[in-house]
Amino acid sequence: MTRRRGLALAALVLAAALALGAWLARPRASVARAPAAAAAAAQATAAPPELAAAAWGASLPPLDALPEPVRRLLEATPYPPSSGRLHPGQDDLLHPNRRYETHRPIPDTLSHDPAQVVTWRFSADRWAYTGAEVVHAFLEVRRGREPIEVEVASASAVREGRAGAEGPRERLDFRREGRDLVADLPLHLFADHLGSILLEVRFEYAPGRFHADELRVFHTPADRIPARITGEARDFVREGSLVVELGVEIDRPGFYRFDANVYGPGGEPVAYAAWKGDLEPGAQAIPLEVYGKVLRDAGVPGPYTVEQVRGYRFLDGQYPDRENLHDLPGAHTTRSYALGSFTDLRHDSPEELALAGMLLEDLANGIGVMPPPVADGSTPEGALEAAAPAAELP
Amino acid sequence: MRIRIARIGFGLGLGIATLLFAGAALAGKGGDDAGTCVNACGSFGGGNNGNSCWCDASCTTYGDCCADYQPVCNNATGCVANNNRRYVLHVGGMCSQGWNDRYAAASGYTAIDVKAVQTNHSGLSDSSFTLGKYLDQCCTGSNACYVLNYSGGDAVMGHRFANSATAWNVFWVGTSGGAGGGSELSGNWLADIFGPCDYAGHLGTSEVRNAYNHNDTNGKTVYHIGGYDGWWYSSAFLPGEDDGAVAYHSAGARTTTTSTSNMCSTPKWTNHVAAWTCSGYNLDHYEMKTKFITNMGW
């Protein structure tokens, strides 16, 4: 350990001891009473959320008074895990179920002259399919930047289980569209199969020169869809956060996860929200909660549009590990909400506060750990469209 | 005499196959093709069980247990539940069933090698299930943890976070050479050459990025470091900087697969950040494995 590091740790321990004393001497009920205070604020809908916010914050010393590891623990995650800001760059959320294949070079053609390198891209319109949908697969091959025509030597689709490919191979017929090759795979052929389907293609890109690739898609057959998002929804403010209750009809009990995106009146991305937990069969209401500070930080007042609602039943320890639902077609538009309806306080759950307390004790005991330094240019909140990449390649 | 195929754990399975002849008394079946006890307790190991490992009570006597036998079948993780303990969990990569390397030696903490097998087609779901057992035992009640991931362990941790409602006592997560964004090497001839591990074909960018919601980290901060000492072939396949197995879009937790030479470049998944340096390290994927540990001074 370097001297500098030792001094820093010693200072931390001292600070920890001071902060720990102050923190542990607080009324123990303060953390536990936070939900009650929040609930009271929710019941009195006219009460400014700041009142509830003040009650939530009263249990913890100011962040600046806390040792750095504890401060960073609390500061880094200002929102609950179930909601956050949605930015224009968040492709994964803005375009759920999208694919990421790009052109890759055929190794035999690698050359110092980029114009001679043959690249291929074998992909499809999306990753997961639910029910008797059709996979639209395509094959693009280029030499340099120019598309070239290739011949498909063989192509098929096969079920994939825990041990690999299983069952008969279904023929995959490619047809030419322009210079690309496309193939449609009707999934009624796989109505008995939950899980991955492997699409395989072998093509001739030059006389006597072949290349093969495979593509995986995920299929939930109609009789394995475990629940239905009904389209019924209502919205309200609770404890300074926007809650959108979505109706679902559960056929099979289990652990479910639901995700949705929230857009502003102008269609701008604002927030994402998720819910996960156990559900019993029957009609259920899923409370998708957008934490108030997320909306305050976005600075976009309602009405909001909740769309791209998707969900699955998680099959822990099984393969495949999920049964997908059909996405909610369309969207739900909320009532108008002023930003002042929402809390502007950082979110600290009782679990998070308890963890901070454990870290304080660790620091006092000499085993606390300073978290890694965040590299310059990175942001704790994650995706921020304003932060320009320092050295982006074309 | 049994033939044992072992492969040096290169995380993404980019290992060198060696044939080792070993007797039946060898403890555990450490080869990369070994099976898993997930859904197989009491019988022959499941999945890609090329090494004939077992998940029955006799396997400890014969020394042919699958690597994840103890946590999966006996709920034995090496942690003492709810006992005011502190742990550093090491979640290794694909084709290496455990960390099998240098552990963190942090004062007051016990290092735990998470035996989450990622060698089969079901690698992610199996290993995530197994990791859940560790988290439930090591990181709840009065216990607390740090988690260090390497390569495919990034995806395993993310999958578990996204598919559990438990608020584990995890202070933060550190990830070296994370494969949570997938690798363009997966599923092509390179994976076939370097890692005849069935899971090699399941780390493609589309599959991993759609496998779970990367923005749900259970409220924990995930710190990422990446390497840029790519191997001879990798720049042809992996966009931007890479360590020979994963590009910075994955190691740097970006929401897209576009090319970048900057670990700090955004947009990133929520609660994921680059640590120490935006430029990364002049290390290859294998060398990245212990970099987080050494950076921490552990």
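Calculation rules
- Numbering of residues begins from 1 in every chain and follows the order in which that chain's sequence is written.
- As a convention, the first chain written is A and the first ligand written is 1, with the rest following in written order.
- Side-chain atom pairs in this predicted model are given and counted only at pLDDT of 80 or more, local residue features only at pLDDT of at least 70, and totals for whole chains, interfaces and linings cover all residues.
- Side-chain numbers come from the whole structure's heavy atoms, not from hydrogens or water.
- Working definition: helices are DSSP H or I runs of at least four residues, strands are E runs of at least two. Numbering for both runs from the N terminus.
- To sort residues, take the accessible area from a 1.4 Å probe on protein chains only and compare it with the maximum for the residue type: under 20% means buried, over 50% means exposed, and anything in between is partly exposed.
- Two residues qualify as a contact provided that any one of their heavy atoms is within 4.5 Å of a heavy atom in the partner residue.
- Only the protein chains shown count as cover for residues, and all accessible areas are computed by the Shrake-Rupley method using a 1.4 Å probe.
- Note on method: axes are straight lines fitted to C-alpha atoms, helices fitted across the in-contact stretch only, with angles between N-to-C directions ranging 0 to 180 degrees.
- When an angle is under 35 degrees it counts as roughly parallel; over 145 it counts as roughly antiparallel; between 65 and 115 it counts as roughly perpendicular; any other value is oblique.
- Handedness of each helix crossing follows the sense of rotation of the near helix against the far helix: counterclockwise by less than a right angle gives left-handed, clockwise gives right-handed.
- Residues are sorted three ways: Asp, Glu, Lys and Arg are charged, Ala, Val, Leu, Ile, Met, Phe, Trp, Tyr, Cys and Pro are nonpolar, and all the rest, Gly among them, are polar.
- We call Phe, Tyr and Trp rings a pair once their centres come within 6.5 Å, taking the six-membered ring for Trp, and we label the pair stacked below 30 degrees between planes, edge-to-face above 60, and tilted otherwise.
- Two limits define a charge over a ring: the Lys NZ or Arg CZ must be within 6 Å of the ring centre, and within 35 degrees of the ring normal.
- Cavities and pockets were defined on a 1 Å grid built over protein atoms only: a cavity is a set of grid points that admits a 1.4 Å probe from which the probe cannot escape, a pocket is an open set flanked by protein on both sides within 12 Å along at least five of seven lines, and lining residues are those with an atom within 4 Å of any such point.
- Grid points are joined across faces, edges and corners, and a volume is the space filled by probe spheres set on the points.
- Note: buried area is the sum, over both parts, of the accessible area (probe 1.4 Å) each one loses when the two are combined.
- Salt bridge criterion: a side-chain nitrogen from Lys or Arg within 4 Å of a carboxyl oxygen from Asp or Glu.
- Distance and chemistry together define a polar contact, namely a pair of N or O atoms within 3.5 Å, with one atom able to donate a hydrogen and the other to accept it when in protein, and with adjacent residues in sequence counting only for side-chain atoms on both sides.
- Note that the domain bounds were set by an automatic or database domain assignment.
- You can read pLDDT as the predictor saying how much it trusts each residue, on a scale of 0 to 100.
- Remark: nonpolar core denotes a set of buried residues (Ala, Val, Leu, Ile, Met, Phe, Trp, Tyr, Cys) joined through side-chain atoms within 4.5 Å.

Enquirer: Can you walk me through the overall build of chain A in this structure?
Expert: Assigned secondary structure in chain A consists of 7 helices and 20 strands. Residues counted as buried form 50% of the 394 residues belonging to chain A. In chain A, 69% of the contacts between residues at least 6 apart in sequence involve partners at least 24 apart. Accessible surface, chain A: about 17500 Å² in total, of which carbon and sulfur atoms supply 53%.

Enquirer: Explain the packing of helix α4 (residues 68-75) of chain A against helix α7 (residues 350-364) of chain A to me, please; I cannot follow it from the model alone.
Expert: Relative placement of two packed helices is described by the angle separating their axes and the distance separating the axes. Residue and element names in this part refer to chain A. Where α4 contacts α7, the axes come no closer than 9 Å and their chain directions differ by 165 degrees. Classified by the interaxial angle, the pair formed by α4 and α7 is roughly antiparallel. α4 and α7 meet at a crossing whose hand is right-handed. From α4, Pro69, Val70, Leu73 and Leu74 reach across to α7, where they touch Glu352, Leu353, Leu355, Ala356, Leu359, Leu360 and Leu363. Its residues assigned to classes, the contact of α4 with α7 comprises 10 nonpolar, no polar and 1 charged.

Enquirer: Is there a simple way to think about the packing of aromatic side chains in this case?
Expert: To describe a pair of aromatic rings, one takes the distance between the centres and the angle between the planes. For the structure shown, the criterion picks out 15 aromatic pairs over all chains. With a centroid separation of 5.9 Å and 50 degrees between ring planes, the pair formed by Tyr337 of chain A and Phe342 of chain A is classed as tilted. With a relative accessible area of 9%, Tyr337 of chain A lands in the buried category. For Phe342 of chain A, a relative accessible area of 0% puts it in the buried group. We note Arg202 of chain A situated over the ring of Phe210 of chain A; from NZ or CZ to the ring centre the distance is 4.2 Å. Against the face of Tyr100 of chain A rests Arg209 of chain B, its NZ or CZ located 5.3 Å from the ring centre.

Enquirer: Can you help me understand empty space enclosed by the protein in this one?
Expert: Empty space among the atoms becomes apparent when a probe as large as a water molecule is rolled across them. With the rule as written, the count across this model stands at 5 cavities of 30 Å³ or more. What the largest cavity holds in volume is close to 250 Å³. Considering the residues around the largest cavity, the lining is formed by 19 residues, among which Glu101, Arg104 and Glu214 of chain A together with Ser186 and Gly204 of chain B are closest to the centre. Taken together, the elements giving at least two residues each to the lining of the largest cavity come down to β12 (209-220) of chain A together with α6 (205-209) of chain B. Here the lining of the largest cavity takes 4 residues from β12 of chain A, the largest share from any one element. A breakdown of the residues in the lining of the largest cavity according to their chemical character gives 3 nonpolar, 8 polar and 8 charged.

Enquirer: Looking at this structure, I do not really get the interface of chain B and chain A. What am I missing?
Expert: Interfaces are often sized by the accessible area lost when the parts come together. With 79 residues of chain B at the contact, the number on the chain A side is 73 residues. At the boundary of chain B with chain A, total buried surface from both sides reaches about 6100 Å², with 53% on carbon and sulfur atoms. There are 6 salt bridges connecting chain B and chain A. As a salt-bridge pair, Asp126 of chain B and Arg162 of chain A come within 2.9 Å of each other at their nearest N and O atoms. At the boundary of chain B and chain A, one finds 32 residue pairs in polar contact (both at pLDDT 80 or more). Class assignment of the residues belonging to the side of chain B that touches chain A gives a composition of 28 nonpolar, 41 polar and 10 charged.

Enquirer: Even after reading the chapter, I still don't get the domain arrangement of chain A, so can you show me in this structure?
Expert: All names here are of chain A. On domain assignment, one finds that chain A holds domain 1 (3-78 + 346-386), domain 2 (83-94 + 226-341) and domain 3 (111-222). Its C-alpha centre places domain 2 at a distance of 33 Å from the equivalent point of domain 3. With 10 residues of domain 2 in contact, the opposing surface of domain 3 contributes 11 residues. Taken over both partners, the interface formed by domain 2 and domain 3 buries close to 770 Å², and the fraction arising from carbon and sulfur atoms is 59%. Looking only at domain 2, the three residues that lose the most surface to domain 3 are Tyr319, Pro320 and Asn324, adding up to 64% of its buried area. At the junction of domain 2 with domain 3, the criterion picks out 1 residue pair in polar contact (both at pLDDT 80 or more). For the side of domain 2 that touches domain 3, the class distribution of residues is 4 nonpolar, 4 polar and 2 charged.

Enquirer: What's the story with the confidence of the model for chain B in this structure? I'm lost.
Expert: In regions of low pLDDT, the predicted coordinates are not meant to be interpreted in detail. Within chain B, residue pLDDT values average 85, and 83% of them lie at 70 or more. Of the regions scoring below 50 in pLDDT, residues 1-32 of chain B engages in 95 contacts with residues more than four places distant in sequence or in other chains.

Enquirer: How do you make sense of the nonpolar core when you look at a structure like this?
Expert: Soluble, globular proteins show a tendency: their nonpolar side chains are buried together. Ranked by size, the top nonpolar core spans 42 residues in total, and within it Leu89, Leu131, Leu135, Cys138, Cys139, Val147 and Val170 of chain B carry the most contacts. With sequence-adjacent residues up to four places away left out, Val170 of chain B is seen in contact with Leu355 of chain A together with Leu135, Cys139, Cys145, Val147 and Lys220 of chain B. Counting residues in each nonpolar core, the second largest holds 36 residues, with Leu63 and Leu355 of chain A together with Ala104 and Ile225 of chain B among its members.

Enquirer: Sorry, what's going on with the confidence of the model for chain A here?
Expert: All names here are of chain A. Chain-level pLDDT for chain A is 84 on average; 80% of the residues reach the 70-or-more range. The model gives residues 1-58 a pLDDT under 50, and that stretch makes 62 contacts with residues more than four places away or in other chains. Every residue in residues 380-394 scores below 50 in pLDDT, and together they form 37 contacts with partners more than four places removed in sequence or on other chains.

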